[in-house]
Amino acid sequence: MHIQLLPSSFDDSGHANAAQRLTCFLIDDRVSVDAGSIGIALSEAQRRTVRDVIVTHPHMDHIASLPIFVDDLFGELEQPIRIHATQQVIDLLKRDVFNDNVYPRFDELKNERGRVMEYVPFEIGKEFQVAHLTVIAIPVNHIVPTVGLLVSDSKVTVAFSSDTAETEEFWKVASRAPHLEALFIEASFPNSMRGLAEASKHLTPVMLRDELRKLSHNGMDILAVHLKPAYRETVARELTELEMNNLSVMEIGRVYEW
Ligand SMILES: [Zn+2]
Ligand SMILES: [Zn+2]
């Protein structure tokens, strides 16, 4: 399985900026987990192959350029962009984003070949297929309805915490997964800002360490994501100070393979 955290912006020479403002993971150039930068950071080849988007929750940093992505592809789509989410999140996207005010209701629009976007609801705790992947979604502890994900191909499983504070069920399900190779876990704020992390339902490095104690697997790669750009260096240093060999900050733009 190949996984890339897409850049949020680029410097003057076209290189990915190291700061993560938006969240969008790309799996096997085919499926995205969240869509913050999907409309600005895909390569031309990826624009042609990504047709399935899993949305963990409707916060702007996770969906910011999704409307632009669909808009850009409108005339050339030969199949709809499928938005996979819980019905609760779909209802929020319909009400607050694709509502004919912020942007068109693309699920009601067609090009010459058919629909351009469709919502595909999934149920919590039940396996579902997205392209070649098997996915299971587990609610996590964030200030809006949010799911973490376990994603498997025929060989490996990886886990995405999405945005969350302390949570339980996600770690139980992740602990049961065979062949868990990688965990993408958020680390938004530095330890000194624990109050804000708790109020906004995010993790600090120390909170992340405490969460990992709930996971029976060890040895998988743990990649910290969602470091708030303003505190990135401090959070990265505090993660290093946890002295966990398999923990690192995920490099933006790099293609990881498991
Ligand atoms: Zn969020
Ligand atoms: Zn977020």
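Note: the structure precedes this text.
A brief structural summary.

Calculation rules
- Residues numbered from 1 in each chain as written.
- Chains lettered and ligands numbered in written order.
- Predicted model: local features only at pLDDT ≥ 70, side-chain atom pairs only at ≥ 80, totals over all residues.
- Heavy atoms only, no water.
- Buried < 20%, exposed > 50% of the residue type's maximum accessible area, 1.4 Å probe, protein only.
- Helix = DSSP H or I, 4+ residues; strand = E, 2+ residues; numbered from the N terminus.
- Pairing = 2+ DSSP bridges.
- Contact = heavy atoms within 4.5 Å.
- Salt bridge = Lys/Arg side-chain N within 4 Å of Asp/Glu carboxyl O.
- Axes fitted to C-alpha atoms, helices over the stretch in contact; angles between N-to-C directions.
- Donors = N, O, S within 2.8 Å, 3.2 Å for Na, K, Ca; no water.
- Tetrahedral: all angles 85-135°; square planar, octahedral: opposite > 155°, others 65-115°.
- Core = buried A, V, L, I, M, F, W, Y, C linked by side-chain atoms within 4.5 Å.

Here's the deal with the pairing of strand E5 (residues 81–85)
Part 1 of the reasoning: Extensive coverage of E5 is indicated by the burial of five of its five residues.
Part 2 of the reasoning: The two faces of E5 match: Ile81, Ile83 and Ala85 on one face and Arg82 and His84 on the other face are all buried.
Part 3 of the reasoning: Across three bridges, the pairing between strand E4 (residues 52–54) and E5 is parallel. Bridge pairing in E5 places Val53 opposite Ile83.
Part 4 of the reasoning: When E5 meets strand E8 (residues 117–121), the two strands line up parallel, connected through five bridges. Its bridge partner lying in E8, Arg82 is registered against Glu118.

Side note on the environment of Ile124
Part 1 of the reasoning: Within the secondary structure layout, Ile124 lies in the loop between E8 and strand E9 (128–130).
Part 2 of the reasoning: Residue classification places Ile124 among the partly exposed positions, given a relative accessible area of 40%.
Part 3 of the reasoning: Residues Ile124 and Thr157, 33 residues apart in the sequence, show an inter-C-alpha distance of 18 Å.
Part 4 of the reasoning: Beyond its immediate stretch of four places on either side in the chain, Ile124 contacts Thr86, Ala137, Pro139 and Val147.

Concerning the pattern of salt bridges
Part 1 of the reasoning: Throughout the structure, instances matching the rule amount to 14 salt bridges.
Part 2 of the reasoning: A salt bridge links Arg194 to Glu198, with the shortest nitrogen-to-oxygen separation between them at 2.9 Å. Within this pair, Arg194 and its partner Glu198 are both found in helix H7 (residues 194–200), separated by four residues, close to a single helical turn.
Part 3 of the reasoning: The partly exposed category is assigned to Arg194, whose relative accessible area is 30%.
Part 4 of the reasoning: A salt bridge links Arg254 to Glu251; the shortest N-O distance between them is 3.1 Å.
Part 5 of the reasoning: For Arg254, a relative accessible area of 40% translates into the label partly exposed.
Part 6 of the reasoning: With a relative accessible area of 42%, Glu251 lands in the partly exposed category.

Concerning the sheet that holds strand E16 (residues 255–257)
Part 1 of the reasoning: Strands sit in the order E8-E5-E4-E3-E2-E1-E16 across an open sheet of seven strands; the sheet is mixed. The open sheet is flanked by E8 and E16, the only strands paired with a single partner. Put simply, the sheet's adjacent strands are angled 25° from each other on average, direction ignored.
Part 2 of the reasoning: Relative to E4, strand E3 (residues 31–33) runs parallel, the two being bridged by three bridges. Along E4, the bridge assignment pairs Ser32 with Val53.
Part 3 of the reasoning: Sitting on the sheet, helix H4 (residues 66–73) is in contact with E4, E5 and E8, with an inclination near 160° to E5.

So, the coordination of the zinc ion (ligand 2)
Part 1 of the reasoning: All of the protein donors around the zinc ion (ligand 2) are Asp61 (OD), His62 (NE2), Asp163 (OD) and His226 (NE2); their distances to the metal are 2.1 to 2.2 Å.
Part 2 of the reasoning: Geometry at the zinc ion (ligand 2) is irregular, judged from the four donor atoms that bind it and their angles of 90 to 168° at the metal.
Part 3 of the reasoning: Every donor residue of the zinc ion (ligand 2) comes from the same chain, spaced as D-H-x100-D-x62-H.
Part 4 of the reasoning: Between the zinc ion (ligand 2) and the zinc ion (ligand 1), the interatomic distance is 3.5 Å, and Asp163 donates to each metal, bridging them. Of this pair, Asp163 sits in the loop between strand E12 (157–160) and helix H6 (169–176) while His226 sits in the loop between strand E14 (221–225) and helix H9 (232–240), and the two are 63 residues apart along the sequence. Of the two residues examined, Asp163 and His226, each falls in the buried class.

Describing the nonpolar core
Part 1 of the reasoning: Counting residues in hydrophobic clusters, the biggest one holds 30 residues, and the most contacted among them are Leu150, Phe170, Leu183, Ile185, Leu208, Leu215 and Leu239.
Part 2 of the reasoning: Within the residue set of this core, elements represented by two or more residues are strand E10 (133–139), H6, strand E13 (180–186), helix H8 (205–212), E14 and H9.
Part 3 of the reasoning: Ranked by residues supplied to this core, first place goes to H6 with four residues.
Part 4 of the reasoning: The contact partners of Leu183, leaving out residues within four places of it in the chain, are Ala159, Phe170, Trp171, Leu212, Leu215, Met220, Asp221, Ile222 and Leu223.

Section: the coordination of the zinc ion (ligand 1)
Part 1 of the reasoning: Donor atoms from the polypeptide that bind the zinc ion (ligand 1) are His57 (NE2), His59 (ND1), His142 (NE2) and Asp163 (OD), placed at 2.1 to 2.4 Å.
Part 2 of the reasoning: Seen from the zinc ion (ligand 1), its four donor atoms lie at angles of 91 to 163°, and the figure they make is irregular.
Part 3 of the reasoning: Read N to C, the donor residues that coordinate the zinc ion (ligand 1) are spaced as H-x1-H-x82-H-x20-D.
Part 4 of the reasoning: Residue His59 is classed as partly exposed on the basis of its relative accessible area, which comes to 22%.

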